[in-house]
Amino acid sequence: MKKKIVSLFMVAAMTASLVGCGGGNADSSNTGDSAATTDNSAATTDTSSTDNTASTDTAADNTQAEAEPAADDIEKPEEITIMIDGTVFTKENGQEQFWAKFQELTGIKVNVIQPDHDAYYDNVGQTIASGDWPDVIILSSTYYSAYAAEGVLWDMTDAWENSELKKRQEAHNSTGIVEGVKLNGRLYGMPSGRGNGCVTYVKKAWMDNCGITSVPTNYEEYLAMLEAFTNGDPDGDGIDGNTFGVTAAGFIGNEAPYINYLPEFYQDAHPSFYLKEDGTYADGFTEDAMRAALERLADAYAKGVIDPTTLTNGTADCRNKFYSDDFGVFTYWAGTWASNLKNNLINNEIDSELIAMEPIAEVGAYLDRVPPVWAITSTCENPEGVFKYFIEAMQDGGDVQFLFTYGVEGVHWSTAAETLYAGETNDKGESKEKVYAEGEFHMLDNLETPGTQYTKAHIDPALAPVELANDPGQKTIAPEAKESAEMFATHSVTADLIPSTDAMTEYNGDLTTLKNEIVAKVAMGEMTIEEGYAKYEADGGAAWSQQIVDSLNNQ
Amino acid sequence: MSKKQSVSKQKGSGSNKPLGVRVKKYAGFYVMFLPILVFAIIFYYLPMFGVRYAFTNYNGIKAPKFVGLENFSKMFNMPGFWSAFWNTLQISVIRLILTTLVAVVVSLFLNEIINIHFKKVIQTIIYLPHFLSWVVTASLFSLILAPTGQGLVNTLLVNLGLVDANNMIYFLGSSKTWRGTFYVIQLWKETGWQTVIFMATLAGMNLELYEAASIDGAGRWGKMRYITFPALANTILTVIILNLAKVMNLFESVFVLQNDAVLDVSNVLETYIYYQSFNSGSIPNYGYTTAVGLFKSLVGMALVLICNQWSKKVREGRGIV
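These figures come from a predicted structure and were not determined experimentally.

Trainee: Run through the packing of aromatic side chains, naming residues and quoting values.
Mentor: By the definition in use, this model includes 63 aromatic pairs over all chains. Each ring, one from Y222 of chain A and one from F265 of chain A, has its centre 5.8 Å from the other, and the planes form 70°; the classification is edge-to-face. Of this pair, Y222 of chain A sits in helix α9 (residues 219-231) while F265 of chain A sits in helix α10 (residues 263-266), placing them 43 residues apart in sequence. In this structure, Y222 of chain A and F265 of chain A share a single accessibility class: buried. Measuring from centroid to centroid gives 5.7 Å for F76 of chain B and W82 of chain B, while their planes differ by 25°, and the two rings are stacked. Accessibility expressed as a relative area gives 29% for W82 of chain B, which makes it partly exposed. The rings of F89, F98, W99, F102, W374, F390, F404 and Y454 of chain A are connected pair by pair, giving a single aromatic cluster. Positioned above the aromatic ring of Y389 of chain A is the side chain of K388 of chain A, whose terminal nitrogen or guanidinium carbon lies 5.6 Å from the ring centre.

The following block contains the structure:
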């Protein structure tokens, strides 16, 4: 009997311990300042690869009602603690020199908590749960809206309204970026740039080979181009029908705005929640626009113009297929990715001329993601000071912004005469050597991954709301990157920031899984549109959706 | 006083010494045990307190709010949960039976190979996939099974005239073929590793039994049927019982191979928890995911107890816990 009891106890103990693991992030124990290292994902890469989902907030009750102190009364903080992801230089990439330079420029000492980029939000959750909050924190839109709703973030609306930063952004006509992250009219975080989004690139050589003389301007022309790319011989290998028109990583994205990899098929459809013109929220999944989008996807897939492996593709698979000349139309990030795509095509000895298409008539505008923000927590002792001397300074158009854009001289960039990668060759045996004259601005070799040059620090100059007074880096931006970024900026609208509500927390996980399953099955012809919507009703999707919509409209 | 009674008394007197004396006497053992005890407390016992979140709504910001059995009530009313629960049981049990069965068969055949070098080469080849990560395995099979001209399997089927070139099979993208494909990949990856334990059993067998069988006129098939297989039976049962206790733990292999179109047949409890946590577009309710985790663990515990009883019956009183 005793043995049985001991056995039972041991089994129960093991079971319970498993629950501790299986229950997600339930434990509130904090890592606090534990996370000091990081990968280097950002800092050296395009901002488009950092992410954020769009959600918005409902907006917490605003606790900050006191009158804003006059600028002269605002005390400069001596020391602040910040929690940042890998989009700012990591330890391996000169973090210490970066913040030392910041201290030199501003007189403020910054204590940095920088968890691993991939586990950043796990650490953020643990830190917030611990109650030991940093003064400043970088947040993606999902976390931004949720934390704002829970009162974690300081309401910086008044500080913004009275700031020099607002005037600077007004001068650059870029205050729309801040407006896009307001929650019920209140501001809880400051973006350091636009969120960026995707544009559709077409291989010019493929168009020529198929006798297509002009870039499609509507869906009919777009589909005709895809059919020509699929059934003809656009790659000129003498074989008809061994290529595809377009591909994507799945039929629907896994983060807001969900439709940005296949915009020509989705057009005006909203698979998830959106803000209508009348100011109310709706779920676009059951609207006619979404049904029409599903019809277009199913039709195109049946015709074979969409890559048959779209469902199981990752973004890296898509890029590799594009570089291998397997398909001709690719909706991908604007800006520096235009150069990356071009360079990789060149490396594969494939004609590299890409046309960044303006959105077709039915799409109207590409979607600009809601950008990540720098937020001040509500436990910060001197939020006005942090706003003025840290958040504002980051976009001062001068030295501090330069630091956040390019990093530290001698560590991340230089104007000294030098030769980088002397004697080094790429995979094809071509020389990688780069020679710079005295006084010529250039980024330096990556400290963590030698062989690649830094492209920026934290702020992408092409996406910044405030231009640098004297930006030597502008000359280093490749023409195709500049062109695609400018085209995107002209032809994009900011995606909606959807608030976080209890009902969303409760049901949106199941709802999104259900919607994604229906979209995939309908697109692949495993289910008709009617069957898809019948499943949506039967599995509770309509009821969950209604509860979320009600919660959004009754905040 | 009999000898037996004397021994018993000696043992009893030893264990009746005061705790302090016993600890002092066996201090070395206690010191050696200490790290394990600390490890167990930190990693097994302390996390158990997380169970309480199952009875709360908790988003990691505000203090947990006690909601009683509300999370369990929601869980039992969610079709997605039940689908994940049945998928977990079905996939795990079928996977267990298949891998054990195939491993036994492979072990029996390996045992019949006389050339020791050839046997070792074969063993090494079939062990290797076990050391590949599931992410690499998934990428590999996505490529091999692609429904395009680049997919090895489909190209082969087309060349054999079994499949139309315009209608290739999307093995990983269809609910009809996903499970079968998953089992095949599972077998490819894990069969070799599973054979280790069976091969060890076979290596310890008394060769005289085979000699005796030969004298009695038994051929290779007869020896395999009447000597080898019965010798393995107890090991097979042990392996099945031990693995049955773990059937609820299924994540990585499924997660890397599943996609939106096959969720109805592939979503298991652990991937369900994952999607609840990261797919909501909001801060998740950790209370709910903990409730699902607790339920999963309770089912796992029930299986352990059942297996323990079963083990005692078939293994002459020897349980697994």
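Continuing now.
Trainee: Residues and numbers for the pattern of salt bridges, please.
Mentor: A side chain with one charge can pair with a side chain of the opposite charge if their charged atoms come near. All names here are of chain A. What the rule picks out here adds up to 24 salt bridges over all chains. Note that E161 and K182 form a salt bridge whose closest N and O atoms lie 3.5 Å from each other. Taken together, the positions of E161 in helix α5 (residues 157-161) and K182 in the loop between α7 (176-179) and β4 (189-191) put the pair 21 residues apart, joining distant regions of the chain. Note on E161: relative accessible area 35%, which makes it partly exposed. Judged by relative accessible area, which is 14%, K182 ranks as buried. Where D368 meets R194, a salt bridge forms, and the shortest distance between an N and an O atom there is 3.5 Å. With a gap of 174 residues between them, D368 in strand β11 (residues 366-368) and R194 in the loop between β4 and β5 (198-203) connect regions that are remote in the sequence.

Trainee: Account for the packing of helix α11 (residues 220-244) of chain B against helix α15 (residues 286-314) of chain B, naming residues and giving values.
Mentor: Two numbers describe a pair of packed helices, the interaxial angle and the distance between the axes. Residue and element names in this part refer to chain B. Running from amino to carboxyl end, α11 crosses α15 at an angle of 165°, the nearest separation of the two axes being 9 Å. Classed by the angle they form, the pair α11 and α15 counts as roughly antiparallel. In this structure, α11 meets α15 at a crossing whose hand is left-handed. In contact with L237, I241 and L244 of α11, α15 contributes L303, C307, W310, S311 and V314. Residue composition of the contact of α11 with α15, by class: 7 nonpolar, 1 polar and no charged.

Trainee: Explain the interface of chain B and chain A to me, and be specific about the residues and the numbers.
Mentor: With 55 residues of chain B at the contact, the number on the chain A side is 60 residues. Summed over both sides, the interface between chain B and chain A buries roughly 4700 Å², with carbon and sulfur atoms accounting for 60% of that surface. Three residues, I61, Y170 and D260 of chain B, lead the burial of chain B against chain A; their summed loss comes to 13% of the area buried on that side. Linking chain B with chain A are 1 salt bridge, by the criterion used here. Scanning the region where chain B abuts chain A turns up 11 residue pairs in polar contact (both at pLDDT 80 or more). At the level of elements, α3 (27-45), α5 (79-112), α13 (263-266), α14 (269-278) and α15 of chain B are the ones that each hand at least two residues to the side of chain B that touches chain A. Tallying contributions element by element places α15 of chain B first for the side of chain B that touches chain A, with 10 residues. Residue composition of the side of chain B that touches chain A, by class: 30 nonpolar, 21 polar and 4 charged.

What counts and how
Residue indices begin from 1 for each chain and proceed along its sequence in written order. Chain letters and ligand numbers both follow the written order, the letters beginning at A and the numbers at 1. The model is predicted, so local features are restricted to residues of pLDDT at least 70 and side-chain atom pairs to those at 80 or more, both for listing and for counting; the totals for chains, interfaces and linings are taken over all residues. In computing side-chain values, all of the structure's heavy atoms are included and hydrogens and water are not. Within 6.5 Å between ring centres, the rings of Phe, Tyr and Trp (the latter by its six-membered ring) count as paired, and their orientation is classed by plane angle as stacked under 30 degrees, edge-to-face over 60, tilted in between. Working definition: helices are DSSP H or I runs of at least four residues, strands are E runs of at least two. Numbering for both runs from the N terminus. Categorising residues by exposure relies on relative accessible area from a 1.4 Å probe, with only protein chains included: less than 20% of the type maximum marks a residue as buried, more than 50% marks it as exposed, and the intermediate range marks it as partly exposed. In this scheme, the term charge over a ring applies when either NZ of a lysine or CZ of an arginine sits within 6 Å of the ring centre and within 35 degrees of the ring normal. Every case where a carboxyl oxygen of Asp or Glu lies within 4 Å of a side-chain nitrogen of Lys or Arg is listed as a salt bridge. Helix axes use the C-alpha atoms of the stretch in contact, all axes being lines fitted to C-alpha atoms, and the angles between their N-to-C directions lie in the range 0 to 180 degrees. Each angle gets one of four labels, with under 35 degrees taken as roughly parallel, over 145 as roughly antiparallel, 65 to 115 as roughly perpendicular, and the rest as oblique. Throughout, a crossing is termed right-handed when the near helix is turned clockwise from the far one, and left-handed when it is turned anticlockwise from it by less than a right angle. By definition in these notes, contact holds between two residues if any of their heavy atoms fall within 4.5 Å. Just so you know the grouping, Ala, Val, Leu, Ile, Met, Phe, Trp, Tyr, Cys and Pro go in nonpolar, Asp, Glu, Lys and Arg go in charged, and all remaining residues, Gly too, go in polar. Reported buried area values correspond to the accessible surface (1.4 Å probe) lost by two parts on association, with both partners' losses combined. Polar contacts here mean pairs of N or O atoms no more than 3.5 Å apart (in protein, one a potential hydrogen donor and the other a potential acceptor; neighbouring residues in sequence count only if both atoms are side-chain atoms).

By themselves, these observations are geometric and do not establish any function.
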